[in-house]
Amino acid sequence: MKHVFIVGGTSGIGYSLALLYLEKGFVVGICGRDISKISDSQKSNFQVFQTNVSNYIQLHETVESFISKEKKIDIFINCAGSYAEDVADSISYHQAEEMLQTNILGTVNAFEVARKIMKNQQSGKIAVIASVSGILDYENSSLYTKTKRAVIQIAKAYHRALKPFGI
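Definitions and limits used
- Note that residues are indexed from 1 along each chain, following the sequence as it is written.
- Local features in this predicted model are restricted to residues whose pLDDT is 70 or higher, and side-chain atom pairs enter the listing and the counts only when it is 80 or higher, whereas totals over whole chains, interfaces and linings include all residues.
- The basis for every side-chain value is the complete set of non-hydrogen atoms in the structure, without hydrogens or water.
- Every helix listed is a DSSP run of H or I at least four residues long, and every strand listed is a run of E at least two residues long, numbered separately from the N terminus.
- By this rule the span expected of a helix is its residue count minus one, scaled by 1.5 Å.
- Accessible area is worked out with a 1.4 Å probe on protein chains only. A residue is then buried under 20% of its type maximum, exposed over 50%, and partly exposed in between.
- Directions pointing from the helix axis toward each C-beta atom define the arc.
- Crossover handedness is defined by viewing with both strands directed away from the observer: a clockwise path from the first strand over the helix to the second marks the crossover as right-handed.
- For two strands to count as paired, DSSP must find a minimum of two bridges between them.

## Let's talk about helix α1 (residues 12-23)
Now for step 1: The end-to-end C-alpha distance of α1, which contains twelve residues, comes to 17 Å, matching closely the 16 Å that a straight helix rising 1.5 Å per residue would cover.
Now for step 2: Among all positions in α1, only G14, Y15, L17, A18 and Y21 are buried. The buried residues of α1 occupy an angular sector of 160° when projected down its axis, which confines them to one face. Along α1, exposed side chains directed more than 90 degrees from the buried face belong to G12, I13 and E23.
Now for step 3: G25 sits one or two positions beyond α1 and adopts a positive phi of about 95°.

## A short note on the pairing of strand β1 (residues 3-7)
Now for step 1: With five of five residues buried, β1 is to be regarded as a mostly interior element.
Now for step 2: Because side chains alternate across β1, one face comprises the buried residues H3, F5 and V7, and the other comprises V4 and I6, equally buried.
Now for step 3: In the classification by handedness, the crossover that spans β1, the intervening α1 and the parallel strand β2 (residues 27-32) is right-handed.
Now for step 4: Bridging between β1 and strand β4 (residues 75-78) involves four bridges; their strand directions are parallel. Looking across to β4, one finds that F5 is bridged to F76.

## Remarks on the pairing of β4
Now for step 1: Burial along β4 is two-sided: I75 and I77 facing one way and F76 and N78 facing the other are all buried.
Now for step 2: Sheet topology note: the β4/strand β5 (residues 125-128) ladder contains four bridges and is parallel. Bridge pairing links N78 to V128 in β5.

So, in structure tokens, the structure goes:
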């Protein structure tokens, strides 16, 4: 049986991926900041964890509790993201900080947790969901766009570093 763990799996693209992998017969673990987004009837289909991706220790402990001696993670997907409209100075410092913490630090944390586990098991795939806005270059691009550009660049760096290990 294959195992997938999805960070940011309690809503949006992450939740849709969780349902898809569940349908394909995977054991699915998901985490997010707000697990109340998932109905109680759906929670029984997954291993659900309330976790903040910007807290490395919390994320590491969450993923470790998902795996056991019999399991491994075949696929690790980071879908966590934070968005605040930041056009025309409408973003607060708190919103900007949350976006930076989740989108950039959270991406590094997810890669580090996945890297350690997959190097030990000598296999696995890591995927990151960013945004098409991260590859566009336009004059009035937002902070969100720049964080997603950073996510893409971080993913490229980890891809290059982990490729020799088959990850």
